[in-house]
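Analysis of the macromolecular model
Listed below are the residues making up each chain.
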Amino acid sequence: RQIRNALRECGLYRDNGREHLRGCVVVPLHSADGLIHNLYGRKVTDGDKIIKGAPKHLYLPGPHRGILNPEALKNREIILCEALLDALTFWRHGIKNVTSTYGTEGFTDELFQALLENKVATVRLAFDADEAGERGTAKVSEKLMAHGIECHRIKLPWGEDVNSFALKSPEPAEALAAAVNGAEWLGSRRVILKNQQPEEAAAPPMDGAERSQYLGKTIKVTSKDTPAPASLSSSLAAS
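Every value quoted in this text rests on a predicted model; they were computed, and no experiment measured them.

**A look at the overall build of the chain**
- A count of helices and strands for the chain gives seven helices and 10 strands.
- A burial count over the chain gives 46% of its 239 residues as buried.
- Put simply, of all contacts in the chain between residues at least 6 apart along the chain, 63% involve residues at least 24 apart.
- Taken as a whole, the chain presents about 13200 Å² of accessible surface, with 52% of it coming from carbon and sulfur.

Structure follows, in structure tokens:
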């Protein structure tokens, strides 16, 4: 009974005794110091039946807390996705410097402060290619650039998200690498805010030599229309 009450208090059990994340693939979301602050559940089954239609996304009750893959924030350059499954899609195909917001309106202060504290220099936004994704990209990039963080927009076919784009690609790893390499530059500017010392501002963007040294190797992109500068796709596993 004590264990059930504890699980109910943290939201894993509902008042009716059922598991809140029953039938879900569950992903832990951590704080910067590694503690689990939230759980994300992607509903995939109802008993033995696969649910058809739009997937159901669940979190523990209360405000959004926790960061997906906080280790990624130790890098100077990261990918920021709109949804956790999009970030996991990059991870699955070897691009590990990736994290996620909680949707287009879910760029939390916790994640924002973690980006600043870790002095992330460049963010490549991989939001959905739709009107909501465009608005979210504009809003988040404006906030980041106001703190000196360089921003790029990873462009996808209209109507697609990262996961659907990868699923439709015969070679998803190469397609994702090409999309990262071909990201559109949105801008960067340094602004020293009130009560902020210059050394507290975000680190400046890396120049080409520094980025090449950091990334180690690049991914060869065959499309003539897609430039292939050193980018996060270079973090693909050697295999």
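**A look at the sheet that holds strand β9 (residues 150-153)**
- Strand order in the open sheet formed by five strands is β7-β6-β8-β9-β10, and the pairing between neighbours is mixed. On the outer flanks of this sheet lie β7 (98-100) and β10 (184-187), each paired with one strand and no other. When strand polarity is set aside, the average angle formed by the axes of neighbouring strands in this sheet is 30 degrees.
- Where strand β6 (residues 77-81) lies against strand β8 (residues 122-126), five bridges are found, and the strand directions are parallel. Bridge pairing in β8 places Cys81 opposite Ala126.

**Brief notes about the packing of aromatic side chains**
- Tallied over the entire structure, the rule returns three aromatic pairs.
- Judged by centre distance (5.3 Å) and plane angle (55 degrees), the ring pair of Tyr59 and Tyr102 falls under tilted. Of this pair, Tyr59 sits in strand β5 (residues 56-59) while Tyr102 sits in the loop between β7 and α3 (109-117), and the two are 43 residues apart along the sequence.
- Judged by its relative accessible area of 13%, Tyr102 falls in the buried class.
- The interplanar angle of 70 degrees and the centroid separation of 5.8 Å between the aromatic rings of Phe107 and Phe112 together place this pair among those described as edge-to-face.
- An aromatic cluster of at least three residues, connected via ring pairs, comprises Tyr40, Tyr59 and Tyr102.
- The ring centre of Trp91 lies 4.2 Å from the NZ or CZ of Lys96, which sits over that ring.
- When the ring centre of Phe112 is taken as origin, the NZ or CZ atom of Lys143, which lies over that ring, is 4.4 Å away.

**Some thoughts on the environment of Glu184**
- Tracing the backbone shows Glu184 in strand β10.
- Given the relative accessible area of 37%, Glu184 is considered partly exposed.
- Spatially, the C-alpha atom of Glu184 lies 9.6 Å from that of Leu125, the residues being 59 residues apart in sequence.
- In contact with Glu184, other than residues within four places in its own chain, are Cys151, His152, Arg153 and Lys155.

**Details of α3**
- Listing the buried residues of α3 in full gives Leu111, Phe112, Ala114, Leu115 and Leu116.
- Buried positions along α3 lie against β6, β7 and α4 (131-145).

**Re the side chain of Ser100**
- Within the secondary structure, Ser100 is located in strand β7.
- On the accessibility criterion, Ser100 (6% relative accessible area) is buried.
- A distance of 3.3 Å separates the side chain of Ser100 from the backbone oxygen of Ala83, its partner in a polar contact.
- Within the structure, Ser100 has its side chain in polar contact with the backbone nitrogen of Leu84 (distance 3.3 Å).
- In this structure, Ser100 is in contact with Leu68, Leu80, Cys81, Glu82, Ala83, Leu84, Ala87 and Leu111, ignoring residues within four places of it in sequence.

**Description of the sheet that holds strand β2 (residues 36-43)**
- With antiparallel pairing, three strands are arranged side by side in an open sheet as β1-β2-β5. The sheet terminates laterally at β1 (24-30) and β5, the two strands that pair on one side only. Between one strand axis and the next, the sheet turns by 20 degrees as a mean value, whatever way the strands run.
- Relative to β2, β1 runs antiparallel, the two sharing seven bridges.

Conventions we followed
- Residue positions are given per chain, counting from 1 as you read along its sequence in written order.
- Only residues with pLDDT of 70 or above have their local features reported here, since the model is predicted, and side-chain atom pairs are shown and tallied only from 80 upward, although totals for entire chains, interfaces and linings are computed over all residues.
- Side-chain numbers here rest on the full set of heavy atoms in the structure, without hydrogens or water.
- Under the DSSP-based scheme used, a helix requires at least four consecutive residues in state H or I and a strand at least two consecutive residues in state E, with every element numbered from the N terminus.
- To sort residues, take the accessible area from a 1.4 Å probe on protein chains only and compare it with the maximum for the residue type: under 20% means buried, over 50% means exposed, and anything in between is partly exposed.
- It only takes one pair of heavy atoms within 4.5 Å for two residues to be counted as in contact.
- The Shrake-Rupley method, run with a 1.4 Å probe, gives the accessible areas here. Residue values count only the displayed protein chains as cover.
- Only strands that DSSP links by at least two bridges are regarded as paired with each other.
- To define axes, lines are fitted to C-alpha atoms, for helices over the stretch in contact only, and angles between the resulting N-to-C directions are given on a 0 to 180 degree scale.
- Between 30 and 60 degrees the pair is tilted, below 30 it is stacked and above 60 it is edge-to-face, where a pair is any two Phe, Tyr or Trp rings, Trp via its six-membered ring, whose centres lie within 6.5 Å.
- Only when the NZ of Lys or the CZ of Arg is both within 6 Å of the ring centre and within 35 degrees of the ring normal is a charge said to sit over the ring.
- Any N or O atom pair separated by 3.5 Å or less is treated as a polar contact, with the protein-specific requirement of one donor-capable and one acceptor-capable atom, and with residues adjacent in sequence counted only for side-chain atom pairs.

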